[in-house]
Amino acid sequence: MKYCFGIDIGGTTVKIGLFSASSEMLARWEIPTRKDNSPDGLLRDVKTALEGCLTERGISRTDVLGVGITAPGPVTEDGILHGTVNIGWGDVALGKEAEKILQLGTVRIGNDARVAALGEYAYGAGKGSKSMLMITLGTGVGGGVIQDGHILTGFHGVAGEIGHMTVDPYETLPCSCGKKGCLEQYASATGMVRVAKKFLADRAGETLLRQCEITAKTLWDCAKAGDCAANEITDFVCHRLGIALANAAYLVDTELFVIGGGVSRAGEILMDYIKPHYEKNVFHGSREVKFALATLGNDAGIYGSAKLVLDAVV
């Protein structure tokens, strides 16, 4: 039997999955993310974790086809990672470093959001589609485009970075990227909280939102309960989401939009709010695109990274 590993590097933890060559997840666990100036220490932590798994299960190193790895930053097709904001690395040849340290077959590297999109495409909400754009609404806003089974990477590794598409050129506050008016400033979980707090500070009136701690979850819970202020805020946020997806459709003309990330736990109401704004702002030929909620949750990245390496060797 042959195996591979899927590795999803996050700002707090590294998620690891052991997969069979037929893409079945056999084990899943996490280790803390070591934050040094280079990836060497973290990769050595990963090596220790992988070797421990092989020893425990009696798997020979020669039966490991390879390792797929996601990283939270732009990654080019040759495995160069161009910096990570939440870990502290600069530009690094992550693919070559991982091959040198892990020594477990073929290594493939990809951006975390793009690889999560690949996981959803192959094993989750996008299964059976030919093309897909996934948008992840979490602490930030990530995205990935899949065309005919392949990640659209782009020359600089930033294709699909929909969270930093400008949706309000008149915004005065800066995004974490340094620009102003990015989608992430409105549609991320932190962006939604910012928008809600500003709305409540500028307006008087009773609302359920004044009775609870404002989070993305409580905002959508209040919207589901029919709270007028919450409905107005979520509609404002989804207006910007609809504009961004309409603009993306002009470039990639995708068959399916998949919505993931923590905010997607709000459920179908999220798509009910986004669709009208998307349809209002898109060319009529693209109005019939399908929408779906992601199904793999936090495991999309390890499924996608396993798919990366299996596509390369099987």
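Let me begin by describing the structure that accompanies this report.

**Some thoughts on the sheet that holds strand β7 (residues 106-111)**
On the basis of which strands lie adjacent, the open sheet formed by five strands has the order β3-β2-β1-β4-β7 and mixed pairing. Either end of the sheet is taken by a strand with one partner, and the two such strands are β3 (25-32) and β7. Each adjacent strand pair in this sheet contributes to an overall mean axis angle of 15°, direction not counted. By the bridge criterion, seven bridges tie strand β2 (residues 13-20) to β3 in an arrangement that is antiparallel. In the sheet register, Ile-16 faces β3, and the bridge partner there is Trp-29. The strands touched by helix α1 (residues 40-57) are β1 (3-9), β2, β3 and β4 (64-71); relative to β3, the strand with the most contacts, the crossing angle is about 145°. Each of β1, β4 and β7 is contacted by helix α3 (residues 112-123), which is oriented at about 105° to β7, the strand it contacts most.

**Details of α3**
Along its 12 residues, α3 runs 16 Å from first to last C-alpha, staying within 8% of the 16 Å computed at 1.5 Å per residue. All of the buried residues along α3 are Ala-113, Arg-114, Val-115, Ala-116, Ala-117, Leu-118, Gly-119, Glu-120, Tyr-121 and Ala-122. Turning to α3, the residues buried within the fold contact β4, β7, β8 (131-137), β9 (141-147), β10 (150-151) and α9 (300-313). N-capping of α3 is provided by Asn-111, with a side-chain oxygen placed 2.9 Å from the backbone N of Ala-113.

**Structural notes on the packing of helix α6 (residues 216-224) against helix α7 (residues 228-252)**
Relative to each other, α6 and α7 sit at 115°, their axes nearing to 8 Å. Note that α6 runs across α7; the crossing there is left-handed. Here Leu-219, Trp-220, Cys-222 and Ala-223 of α6 come into contact with α7, specifically with Ala-230, Asn-231, Ile-233, Thr-234 and Cys-238. Partitioning the contact of α6 with α7 into residue classes produces seven nonpolar, two polar and no charged.

Thresholds, definitions, all that
- Residues numbered from 1 in each chain as written.
- Predicted model: local features only at pLDDT ≥ 70, side-chain atom pairs only at ≥ 80, totals over all residues.
- Heavy atoms only, no water.
- Pairing = 2+ DSSP bridges.
- Helix = DSSP H or I, 4+ residues; strand = E, 2+ residues; numbered from the N terminus.
- Axes fitted to C-alpha atoms, helices over the stretch in contact; angles between N-to-C directions.
- Contact = heavy atoms within 4.5 Å.
- Expected span 1.5 Å × (residues − 1).
- Buried < 20%, exposed > 50% of the residue type's maximum accessible area, 1.4 Å probe, protein only.
- Polar contact = N/O pair within 3.5 Å; in protein donor to acceptor, adjacent residues only side chain to side chain.
- Left-handed = near helix turned anticlockwise from the far one by under 90°.
- Nonpolar A, V, L, I, M, F, W, Y, C, P; charged D, E, K, R; others polar.

Taken by themselves, the reported measurements are silent on function.
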